[in-house]
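# Results of the structural survey
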Amino acid sequence: MVGGGLADTEYERRVERWLNDAPMWKTRLGRSLAARWHALRWPKLSMWGAGHYLTRTGMAASAPAVAYFTGGPVTGLVAGVAFGAIFVGHSVVSFFGAKSERASKGNAGLGVMMIRLGDLLAATKVKSTTESEKLEAVRALLGVIELFALEITGLRKGEIAVSVARYKGHSSVEMKLVCRNPGNDTRPVNRSFNATNKLGHRACKAGHKARIVNDLRGFGPMAMESPTQSKVSYRSIVLFPLVGVRDGNDFLVGFLSIDATRPYAFYGNRGNDVVVHCQPIVNHIQAIL
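Rules used in this analysis
Residues numbered from 1 in each chain as written. Predicted model: local features only at pLDDT ≥ 70, side-chain atom pairs only at ≥ 80, totals over all residues. Heavy atoms only, no water. Patch = residues over 30% accessible without salt bridge, like charges linked within 9 Å, V, L, I, M, F, W, Y side chains within 5 Å. Areas by Shrake-Rupley, 256 points an atom, 1.4 Å probe, with all protein chains shown as cover. Salt bridge = Lys/Arg side-chain N within 4 Å of Asp/Glu carboxyl O. Helix = DSSP H or I, 4+ residues; strand = E, 2+ residues; numbered from the N terminus. Buried < 20%, exposed > 50% of the residue type's maximum accessible area, 1.4 Å probe, protein only. Contact = heavy atoms within 4.5 Å. Pairing = 2+ DSSP bridges. Phe/Tyr/Trp six-rings, centres within 6.5 Å; stacked < 30°, edge-to-face > 60°.

## What about a nonpolar patch on the surface?
A contiguous nonpolar patch, built from Met24, Trp25, Leu29 and Leu33 and spanning about 480 Å² of accessible area, is present on the exposed surface. Structurally, Leu29 is set in helix H2 (residues 25-39). The exposure class assigned to Leu29 is partly exposed, which follows from its relative accessible area of 44%.

Structural data, given as structure tokens:
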């Protein structure tokens, strides 16, 4: 632990609680509600999409207005209130209908594709190549992981980033961020950093299983410090420790992170799907590195 004081102590307490997560039902309920709240977002509409939505919803709510303008037994105030109520109600129903339709479609086909791709990669011998060629191969695979994470979470391009950080030489704390997914050009790469207080490093030291961070802000200000000194725009993360073999023994290579700008993006089944279906790709990345 670097530094000192109450802030460091509180950060350590929160990290330990995360690594040994055994939440009670109240905590699970709170997380579930938080995940649902952060998942509520209206779809991004184009000009034509917005026009279609407004005209469709307006037609559905038009009965009171028609009754008023044709001399029906309703006042202008009643017609206006009724129109507004129906318009809002129809909008809410349409929103949840779209959410339900997306959920019912599921990601079974994409999940099978990822598994088959993992099987193919596992059956393909990893050739000895130069360092630059290895990183290009890893970068391409990070792009595959990004696409799958976007599909699972429903986020948009640019809201998911995938990166790999490696330990430098035989150091157990000094790391270097070596690769990011294609298109992720606004965040730096090839930056070295001390990983002592970084969650990816802590996940590596705690075991080889993948771990999920629901909301980075829950760890306090220390967690919001980027290892590459860039602006922290992400809020939730999936962390995969990367493990290699040296002289017949396992050793930590580094970690792969999938981060999202939305809190709780990987909560529940979404996170489970990402971990299960991306693990074969992660295994191949380990073999390359």
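Once the structure has been displayed, the description carries forward.
## Observations concerning the environment of Cys204
Within the element layout of this structure, Cys204 appears in helix H8 (residues 199-206). When the C-alpha atoms of Cys204 and Val253 are compared, they prove to be 9.1 Å apart, with 49 residues separating the residues in sequence. Excluding its chain neighbours within four sequence positions, the residues that come into contact with Cys204 are Tyr167, Pro241, Leu252, Gly254 and Phe255.

## Regarding the pattern of salt bridges
Taken as a whole and assessed by the stated rule, the structure comprises six salt bridges. The residue Arg14 makes a salt bridge to Glu10 at a minimum N-O spacing of 2.9 Å. Of the two residues, Arg14 and Glu10 are both situated in helix H1 (residues 6-19); the distance of four residues between them amounts to about one turn of the helix. A salt bridge links Arg166 to Glu131; its shortest N-O distance comes to 2.3 Å. Of this pair, Arg166 sits in strand E1 (residues 160-167) while Glu131 sits in helix H7 (residues 131-153), placing them 35 residues apart in sequence. Residue class for Arg166 comes out buried when judged on its relative accessible area of 18%. Exposure remark for Glu131: the relative accessible area of 38% places this residue in the partly exposed category.

## So, the pairing of strand E5 (residues 236-246)
When you tally the buried positions in E5, you get nine out of 11 residues, the bulk of the element. Judged from the three bridges that link them, strand E4 (residues 211-213) and E5 form a sheet pairing that is antiparallel. The residue bridging Ile212 from the neighbouring strand is Val238, located in E5. Sheet topology places E5 next to strand E6 (residues 249-260); 11 bridges connect them, and they run antiparallel. Within E6, the position partnered with Gly244 by the bridge is Phe251.

## Digging into the environment of Asp250
Mapping Asp250 onto the fold places it in strand E6. In this structure, Asp250 is in contact with His208, Val243, Gly244 and Val245, ignoring residues within four places of it in sequence.

## Quick word on the packing of aromatic side chains
Both the distance between ring centres and the angle between the ring planes are used here to describe each pair of aromatic rings. The tally for this structure, following the rule as stated, stands at two aromatic pairs. Measuring from ring centre to ring centre gives 5.7 Å for Trp18 and Phe219, while their planes differ by 90°; the resulting arrangement is edge-to-face. A residue pair is termed long-range when its members are at least 10 positions apart, and Trp18 in helix H1 and Phe219 in the loop between E4 and E5 qualify at 201 residues. Consider the rings of Tyr264 and Tyr267, whose centres lie 6.0 Å apart with planes at 65°: the pair is edge-to-face. Judged by its relative accessible area of 14%, Tyr264 falls in the buried class.

Coordinates in, geometry out; function isn't part of it.
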